[in-house]
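# Remarks on the overall topology
Listed below are the residues making up each chain.
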Amino acid sequence: MAFISMVFGAIFVLVIILGLFMLVAGFILDLVWIAKNHAQEEVSGALKFLAVSFTVLGLLQGIGPILFVWIMTITNK
């Protein structure tokens, strides 16, 4: 019983860490998009798609579970 709990806990932490890496990558791609747009260079559709998708998925996967656990802890008290 304790082993499977540790496995689920490790998977939970791994999902959060991967989500935070995706969020950082999304922020970096957003900054590249803004810099290219400011320099009046053409911004490719792939860069826009990856920037938005990494940012949104990173928020959902990296911040979402932490927020969910926090809200569940508050409502349990």
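Shown above is the structure to which this text applies.
Please read all numbers here as calculations on a predicted model, not as lab measurements.

## Focus on the overall build of the protein chain
Helix and strand counts for the protein chain stand at two helices and zero strands. The C-alpha atoms of the protein chain give 17 Å as radius of gyration, which overshoots the globular expectation for 77 residues (11 Å, by more than 25%). Counting only C-alpha atoms and orienting by the principal axes, one finds that the protein chain spans roughly 55 × 25 × 15 Å. Within the span of the protein chain, comprising 77 residues, buried residues form 17% of the whole. In the protein chain, the proportion of contacts linking residues at least 24 apart, taken out of those at least 6 apart, comes to 66%. As displayed, the protein chain has an accessible area near 6000 Å², and 79% of this comes from carbon and sulfur atoms.

## Structural notes on unusual backbone geometry
Even without being a glycine, glutamine 40 presents a positive backbone phi close to 60°. One can find glutamine 40 in the loop between α1 (2-38) and α2 (45-76).

## Considering the packing of α1 against α2
With their axes 7 Å apart at the nearest point, α1 and α2 run at an angle of 145° to one another. Here α1 runs over α2; the crossing is left-handed. The class makeup of the residues in the contact of α1 with α2 is 23 nonpolar, six polar and three charged.

## Description of the side chain of threonine 55
Inspection of the secondary structure assignment puts threonine 55 in helix α2. Beyond its immediate chain neighbours, meaning those up to four positions away, threonine 55 contacts Leu23, Gly26, Phe27 and Asp30.

## Some details on a nonpolar patch on the surface
On the surface, Phe12, Val13, Leu14, Ile17, Leu18, Phe21, Phe68, Val69 and Met72 cluster together into a nonpolar patch covering about 870 Å² of accessible area. At the level of secondary structure, the elements contributing two or more residues to the nonpolar patch comprise α1 and α2. It is α1 that provides the largest number of residues to the nonpolar patch, a total of six residues. Structurally, phenylalanine 21 can be placed in helix α1.

## A word on the environment of isoleucine 16
Within the secondary structure layout, isoleucine 16 lies in helix α1. Sequence-wise, isoleucine 16 and leucine 29 are 13 residues apart; in three dimensions their C-alpha atoms are separated by 20 Å. Every residue in contact with isoleucine 16, bar those within four places of it in the chain, is listed here: Gln61, Gly62, Pro65 and Ile66.

Cut-offs and rules
Residues numbered from 1 in each chain as written. Predicted model: local features only at pLDDT ≥ 70, side-chain atom pairs only at ≥ 80, totals over all residues. Heavy atoms only, no water. Helix = DSSP H or I, 4+ residues; strand = E, 2+ residues; numbered from the N terminus. Rg over C-alpha atoms; globule rule 2.2 N^0.38 Å. Buried < 20%, exposed > 50% of the residue type's maximum accessible area, 1.4 Å probe, protein only. Contact = heavy atoms within 4.5 Å. Areas by Shrake-Rupley, 256 points an atom, 1.4 Å probe, with all protein chains shown as cover. Axes fitted to C-alpha atoms, helices over the stretch in contact; angles between N-to-C directions. Left-handed = near helix turned anticlockwise from the far one by under 90°. Nonpolar A, V, L, I, M, F, W, Y, C, P; charged D, E, K, R; others polar. Patch = residues over 30% accessible without salt bridge, like charges linked within 9 Å, V, L, I, M, F, W, Y side chains within 5 Å. Salt bridge = Lys/Arg side-chain N within 4 Å of Asp/Glu carboxyl O.

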